[in-house]
Amino acid sequence: MNIRKTNKNILAIALLTSISSAVLAAVPTMIPYTGTIKVQGDNFNGNGTFKFAIVNEACITAQNGCATLWSNDGNSVDGSEPNNGVQITISNGRYIVNLGNTDLTNMTAISPGVFDANDRYLKVWFNDGVTGSQLLTPDRQLISVPYAHRAAIADSLSGTAVGIPVGSIIDWWQPAGS
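These lines cover the structure that appears in this document, whether it is placed above or below. Not measured: the values here are computed from a predicted model.

**Regarding the nonpolar core**
For step 1, the next point in the chain: Core analysis: the biggest nonpolar cluster contains 22 residues, and Phe50, Phe52 and Leu99 have the highest contact counts within it.
For step 2, the next point in the chain: At the level of elements, strand E1 (31–36), strand E4 (46–56), strand E6 (86–90), strand E7 (94–99) and strand E8 (120–127) are the ones that each hand at least two residues to this core.
For step 3, the next point in the chain: Excluding its chain neighbours within four sequence positions, the residues that come into contact with Leu99 are Thr29, Met30, Ile31, Tyr33, Phe52, Trp70, Met107, Ile110 and Leu122.
For step 4, the next point in the chain: Val55, Cys59, Tyr121 and Trp125 belong to the second largest nonpolar core, which has 5 residues in total.

Right, here's the structure in full:
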């Protein structure tokens, strides 16, 4: 047996395992959101204050069990407007924001657990600095892309393919009675 060759193989397996773990751990923690703002029928230009909350469907249908699962400042309760807003520049009525971007003032991170069910909606409030804070309608159902954020939880589960070292032999089939 060639020890040098064996050590190189072990090193290669360890390197591939660490690279694959880093790639899997790179699930984005922000959700891009874009929109258009018109004030009195005209595209808005300038800075505006936005507030965001992710809520369950009960908040939309006015049923019991309404819950805020995330808000930009962490202060929204039962679908209410958050206390503090995020300043965003709007150009020709268009804006983009990465929800959960903690580099922005008054923006908290979004936990993957927010998406443990498929009935999630985004509520958005806007303040142009003149007319006060207004709830923008309709509330937006979050579908597909934000749920990839939930995949981050799979990285930490034991007994899954993520936790199996590269090169391992796994016996997935067992005869009855064994």
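More follows now that the structure is in view.
**Some remarks on the pattern of salt bridges**
For step 1, the next point in the chain: Evaluation of the coordinates by the stated rule reveals 4 salt bridges.
For step 2, the next point in the chain: In this structure, the salt-bridge partner of Arg120 is Asp119, at a minimum N-O distance of 2.6 Å.
For step 3, the next point in the chain: One salt bridge connects Lys123 with Asp139, and the closest N-O pair in it is separated by 3.3 Å. Taken as a pair, Lys123 in strand E8 and Asp139 in strand E9 (residues 133–141) lie far apart in primary sequence, 16 residues in all.
For step 4, the next point in the chain: Several salt bridges share partner residues, and in doing so they unite Asp116, Asp119 and Arg120 into one network.

**A word on the side chain of Lys123**
For step 1, the next point in the chain: For Lys123, a relative accessible area of 8% puts it in the buried group.
For step 2, the next point in the chain: Here the side chain of Lys123 touches Asp139 through a polar contact of 3.3 Å, side chain to side chain.
For step 3, the next point in the chain: With residues up to four places along the chain from it excluded, the contact list for Lys123 reads Lys51, Phe52, Ala53, Val55, Gly79, Leu135 and Asp139.

**Section: the pairing of E7**
For step 1, the next point in the chain: Side chains Tyr95, Val97 and Leu99 of E7 all project onto a buried face; the interleaved residues Arg94, Ile96 and Asn98 project onto a face where none is buried.
For step 2, the next point in the chain: Examined bridge by bridge, E1 and E7 share 6 bridges and lie antiparallel to one another. In the strand pairing of E7, Thr36 is matched with Arg94.

**Regarding the packing of aromatic side chains**
For step 1, the next point in the chain: Under the definition given, this model contains 6 aromatic pairs.
For step 2, the next point in the chain: On the basis of an interplanar angle of 75 degrees and a centroid distance of 6.4 Å, the ring pair of Tyr33 and Phe52 is categorised as edge-to-face. Residue Tyr33 is located in strand E1, and its partner Phe52 is located in strand E4; the two are separated by 19 residues in the primary sequence.
For step 3, the next point in the chain: Since its relative accessible area comes to 0%, Phe52 is described here as buried.
For step 4, the next point in the chain: Aromatic side chains Phe44 and Phe126 sit 5.5 Å apart centroid to centroid with 75 degrees between the ring planes, which places their arrangement in the edge-to-face category. Here the residue Phe44 occupies a position in the loop between strand E3 (42–43) and E4, and Phe126 occupies one in strand E8, the gap between them amounting to 82 residues.
For step 5, the next point in the chain: The exposure class assigned to Phe44 is buried, which follows from its relative accessible area of 14%.
For step 6, the next point in the chain: Taking relative accessible area as the criterion, Phe126 reaches 5% and is therefore assigned buried.
For step 7, the next point in the chain: Here a set of aromatic residues connected by ring pairs shows up, and it is made of Tyr33, Phe44, Phe50, Phe52, Tyr95 and Phe126.

Calculation rules
- Residues numbered from 1 in each chain as written.
- Predicted model: local features only at pLDDT ≥ 70, side-chain atom pairs only at ≥ 80, totals over all residues.
- Heavy atoms only, no water.
- Core = buried A, V, L, I, M, F, W, Y, C linked by side-chain atoms within 4.5 Å.
- Buried < 20%, exposed > 50% of the residue type's maximum accessible area, 1.4 Å probe, protein only.
- Helix = DSSP H or I, 4+ residues; strand = E, 2+ residues; numbered from the N terminus.
- Contact = heavy atoms within 4.5 Å.
- Salt bridge = Lys/Arg side-chain N within 4 Å of Asp/Glu carboxyl O.
- Polar contact = N/O pair within 3.5 Å; in protein donor to acceptor, adjacent residues only side chain to side chain.
- Pairing = 2+ DSSP bridges.
- Phe/Tyr/Trp six-rings, centres within 6.5 Å; stacked < 30°, edge-to-face > 60°.

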